[in-house]
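Examination of the molecular architecture
Here's the letter readout for the chains.
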Amino acid sequence: MSGSHRAKPRSRADEPAVAARPRGHRRKAKKKRGGRTLMGSTALLLAAVSGWFTVGPGRSAPEVTAAGMPDLPAADAASPAPAAAAQAGQRTEPPAADRSDRSDGSVLAIPGLGPKFTAQIPADTRQLVVATGKGKDASETGVTLWTRTVDNRWKPGAAWAGHNAYKGWTTDHRQGDLRSPIGLYALTDAGGRKADPGSRLPYDQDKAFVIDGDGFNGEPLAGSFDYVVAINYNRVPGTSPLSTKYPEGVGKGTGIWLHVDHGGPTHGCVSLPEAQMVELIKALDPAAKPMIVMGDAASLAA
């Protein structure tokens, strides 16, 4: 992102600029009636394997002078020309080879996910968010929630268009490198500025989930943290996304979240349109041990 912005004094984290708050008021994980799952035919799956959503971020990355503030632009950086935002609900068709031979749309293996990452998925993980970047240095991402069936197959939900970090992806994420970390991470905690939309994960509503200023494409950042799911990269599971406990230290990057898309690249997070973030938060079930596998298409296929 670029553009003029003065960070708030309470800024924190590699992605959000928000203050840590005690989590005494944090809601406990709760059961909900008829939790909506993100199921769909395999004809919707994996934008990463077939076509791509074109959102065209600016490609001249500004210098990031404030370490620990992903999704916050440098105070004096110039804004590139605005680009089109990712469209909510836009989908692509999969290759015929990736279509299911089952009426329920399930497949034996998730298309585009190679043996390296497939082997790392715990046996008790029954929900897997797959965030597949268009390229190693690109900021467009296709996101799908997959659900494991009782006979150990996978059923896809809708394929959504989103964003990742401005400069793409890395296996060695560092504070301020403008790349999203490649890997497999648990999803245990949610929160946001807005009220709990029906989360089964512990949800921390707090006015500290706030950001302003402009993004890399000149788009407003306001509302980006209305809904978030913490990605367990360099964080303590079971704490608010606002927590400032970083097991590997600040230098390894902090505050990697799934959050509301603002129409452009992030500093390290993965973003989705607001309606899809709400749908995802409602669907994630702690009993299903949800995780996210994220990276560019070539890395995930390894």
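In what follows, the structure referred to is the one given above.
Okay, so let's go over this structure. The model shown is predicted, which means the values in this text are computed figures rather than measured ones.

**Section: the overall build of the protein chain**
Each helix and strand in the protein chain was counted, giving three helices and 13 strands. The buried share of the protein chain, taken over its 302 residues, is 58%. For the protein chain, the share of sequence-separated contacts (at least 6 apart) that also reach a separation of at least 24 residues comes to 76%. About 11,700 Å² of surface is accessible on the protein chain, with carbon and sulfur atoms providing 52% of the total.

**A few points about the pairing of strand β11 (residues 257-260)**
Taken together, the three bridges between strand β10 (residues 228-230) and β11 define a ladder with antiparallel strand orientation. Looking at β11, one finds that alanine 230 is bridged to tryptophan 257. Pairing analysis gives three bridges linking β11 to strand β12 (residues 270-272), with the strands arranged parallel. Note that in β12 the partner of histidine 259 across the bridge is serine 271.

**With respect to helix α2 (residues 274-283)**
Counting buried positions along α2 gives seven out of 10 residues, so the element sits mostly inside the fold. Taken together, the buried positions of α2 are occupied by Gln276, Met277, Val278, Glu279, Leu280, Ile281 and Ala283.

**Focus: the packing of aromatic side chains**
Aromatic ring pairs: the centre-centre distance and the angle between the two ring planes describe each pair. Counting across every chain of the model gives four aromatic pairs. With a centroid separation of 3.9 Å and 35° between ring planes, the pair formed by tyrosine 166 and phenylalanine 216 is classed as tilted. You can see tyrosine 166 sitting in the loop between β4 (160-163) and β5 (169-170) and its partner phenylalanine 216 sitting in the loop between β9 (203-205) and β10, a full 50 residues away along the chain. Taken as a pair, tyrosine 166 and phenylalanine 216 share a single burial class, namely buried. Each ring, one from phenylalanine 209 and one from tryptophan 257, has its centre 5.6 Å from the other, and the planes form 50°; the classification is tilted. Linking phenylalanine 209 in the loop between β9 and β10 with tryptophan 257 in strand β11, this pair joins segments that are 48 residues apart in sequence. Summarising the burial analysis for this pair, phenylalanine 209 and tryptophan 257 share the class buried. Taken together, the ring pairs in this structure connect Phe209, Phe225 and Trp257 into an aromatic cluster.

**Some points on the environment of glycine 263**
Locating glycine 263 in the fold gives a position in the loop between β11 and β12. Among the residues examined, glycine 263 registers a relative accessible area of 4% and is labelled buried. In this structure the C-alpha to C-alpha distance between glycine 263 and glycine 215, which are 48 residues apart in sequence, comes to 8.4 Å.

**Describing the environment of isoleucine 231**
Residue position: isoleucine 231 is located in the loop between β10 and β11. As for isoleucine 231 and aspartate 189, which are separated by 42 residues in sequence, their C-alpha atoms are 8.1 Å apart. Non-local contacts of isoleucine 231, meaning those with residues more than four positions away in its chain, are made with Tyr185, Ala186, Leu187, Ile256, Trp257, Leu258, Ile292 and Met294.

**Structural notes on the nonpolar core**
If you look at the biggest cluster of nonpolar residues, it comprises 43 residues, and the most contacted ones within it are Leu128, Val229, Leu258, Ile292 and Met294. Among the elements of the structure, β1 (127-133), β2 (140-148), β7 (183-186), β11, β12, α2 and β13 (291-296) are those that each provide at least two residues to this core. For this core, the leading source of residues is α2, giving five residues. Counting residues in hydrophobic clusters, the runner-up holds 10 residues, among them Phe209, Phe225, Leu242 and Trp257.

**Observations regarding the pairing of β2**
Summarising burial for β2: nine of the nine residues are buried, a large majority. Here seven bridges tie β1 to β2, and the two strands are oriented antiparallel to one another. Counterpart to leucine 128 in the pairing with β2 is tryptophan 146. Counted along the chain from β1 to the antiparallel partner β2, the turn is six residues long.

**Some thoughts on the pattern of salt bridges**
The tally for this structure, following the rule as stated, stands at 10 salt bridges. Between glutamate 274 and lysine 194 there is a salt bridge, and its shortest N-O distance comes to 2.9 Å. Taken as a pair, glutamate 274 in helix α2 and lysine 194 in the loop between β8 (189-192) and β9 lie far apart in primary sequence, 80 residues in all. One network of salt bridges, in which partners are shared, links Arg193, Lys194, Asp226 and Glu274.

**Examining the environment of valine 236**
Mapped onto the fold, valine 236 is located in the loop between β10 and β11. Note on valine 236: relative accessible area 28%, which makes it partly exposed. Note: C-alpha distance between valine 236 and threonine 188 (48 residues apart in sequence) is 9.8 Å. For valine 236, the residues in contact, after removing those within four places along its chain, are Lys245 and Pro247.

Basis of the calculations
- Residues numbered from 1 in each chain as written.
- Predicted model: local features only at pLDDT ≥ 70, side-chain atom pairs only at ≥ 80, totals over all residues.
- Heavy atoms only, no water.
- Helix = DSSP H or I, 4+ residues; strand = E, 2+ residues; numbered from the N terminus.
- Buried < 20%, exposed > 50% of the residue type's maximum accessible area, 1.4 Å probe, protein only.
- Contact = heavy atoms within 4.5 Å.
- Areas by Shrake-Rupley, 256 points an atom, 1.4 Å probe, with all protein chains shown as cover.
- Pairing = 2+ DSSP bridges.
- Phe/Tyr/Trp six-rings, centres within 6.5 Å; stacked < 30°, edge-to-face > 60°.
- Core = buried A, V, L, I, M, F, W, Y, C linked by side-chain atoms within 4.5 Å.
- Salt bridge = Lys/Arg side-chain N within 4 Å of Asp/Glu carboxyl O.

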